[in-house]
Amino acid sequence: MDITHDIRAKVLIEALPYLRKFYGKTVVIKYGGHAMVNEDLKEAFAQDVVLMKYVGLRPVIVHGGGPQISEVMAKMGIKPVFVEGQRVTDDATMSVVEMVLVGTVNKSIVGLLNRHGGQAVGLSGRDGEMVVAEKMKIYKYTGEDRPPEIIDIGRVGKVKEVNPQVLNTLMDAGFLPVIAPVGVGPGGEAYNINADLVAGAIAGALKAEKVIYLTDVEGVKDETGKLISTLTVPEIEDLFEKGVAKGGMIPKLKSARKALLAGAKKAHIIDGRVPHAILLEIFTDHGVGTEIIGEVS
């Protein structure tokens, strides 16, 4: 027997129990980082997602777009300002954010998936009031004897509520939702929300089988720099308390925790620089990156 055929057959056989287990289940994918920029990785991502759809899973994509926003703002002569890692979003900046995320980036991903047969539909959190937002408050410590200072960073929001009806309707009809992380406030106004947090909130509302975060590192690492293959929600708290989780990993871990506590089954933080990382995580015995579970099974 040809050894290449034998290897391919073993790959399919290894995937079979996962195909059976996850058939009909919802998987939320936070798409961002290098996988959203590199042309080869973009193609691999689209292939993974469309394959998932056609073997019976229900993928939902939530995407970021921070670098693209900064690039357009620079061309328009608008200087970005960040406070505590959050982009200060006045009305002018919000217009750019919505134009880039809901327009350029979202439609580019929709086009990519549709070119591979995905039947993707682009949305923002404002559609059907899917992602209801409330204003995020930033507190700055000013000294032991003073109350913390509240910093107004404009139209930056956090998720108050998710109404998933529009997503279920689209998926039931065979469409693949692609969501820009813009929420709707109480007066109908738009809010810029961290895409990781939107992905976790949507995964929780859909009771997703998995929520997967594509990032530019191997996964979550411990204080020695070693990859952690499995984490529990209580262990996430330890990483925060010890200061091990830093930078962009913080919103991903917070998002994963929220998703699991709201009813999602598992979270995965994986290296989006690895071609077909999503398929490797879902359909193979070993997977890649870090899986996060509610408790030790």
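See above for the structure.
The structure displayed is predicted, hence computed values, not measured ones.

Colleague: In this structure, what is going on with unusual backbone geometry? I would like to understand it.
Modeller: Of note, the phi angle at Glu129 is positive, near 50°, even though the residue is not glycine. Along the chain, Glu129 falls in the loop between strand E5 (120-124) and strand E6 (131-135).

Colleague: How should helix H7 (residues 233-241) be read in this particular structure?
Modeller: Of all the residues in H7, the buried ones are Val233, Ile236 and Leu239. One side of H7 holds all its buried residues, which, seen down the axis, span an arc of 100°. Contacts made by the buried residues of H7 are with strand E14 (230-232), helix H8 (249-262) and strand E16 (290-293). In the segment just after H7, Gly243 is the residue with positive phi, at about 75°.

Colleague: Where do I start with the pairing of E16 in this structure?
Modeller: Regular strands place side chains that alternate from one sheet face to the opposite one. Along E16, one buried face is formed by Thr290 and Ile292 and the opposite face, lined by Glu291 and Ile293, is buried too. The pairing of E14 with E16 spans three bridges and is classified as parallel. If you follow Thr230 over to E16, its bridge partner there is Glu291. Sheet topology note: the strand E15 (residues 266-271)/E16 ladder contains three bridges and is antiparallel.

Colleague: What should I look at first to understand the sheet that holds strand E2 (residues 58-63) in this one?
Modeller: Through backbone hydrogen bonds, the strands of a sheet pair up, either in parallel or in antiparallel fashion. Taken in spatial order, the eight strands make up an open sheet running E5-E10-E2-E1-E13-E15-E16-E14, and their pairing is mixed. Each edge of the open sheet is held by one strand with a lone partner, namely E5 and E14. Taking each pair of neighbouring strands and ignoring which way they run, the sheet shows an average axis angle of 20°. One ladder, built from six bridges, connects strand E13 (residues 210-215) with E15; its direction is parallel. Bridging across to E15, Tyr213 finds its partner in Ile269.

Rules of the game
Residues numbered from 1 in each chain as written. Predicted model: local features only at pLDDT ≥ 70, side-chain atom pairs only at ≥ 80, totals over all residues. Heavy atoms only, no water. Helix = DSSP H or I, 4+ residues; strand = E, 2+ residues; numbered from the N terminus. Buried < 20%, exposed > 50% of the residue type's maximum accessible area, 1.4 Å probe, protein only. Arc of directions from axis to C-beta. Contact = heavy atoms within 4.5 Å. Pairing = 2+ DSSP bridges. Axes fitted to C-alpha atoms, helices over the stretch in contact; angles between N-to-C directions.

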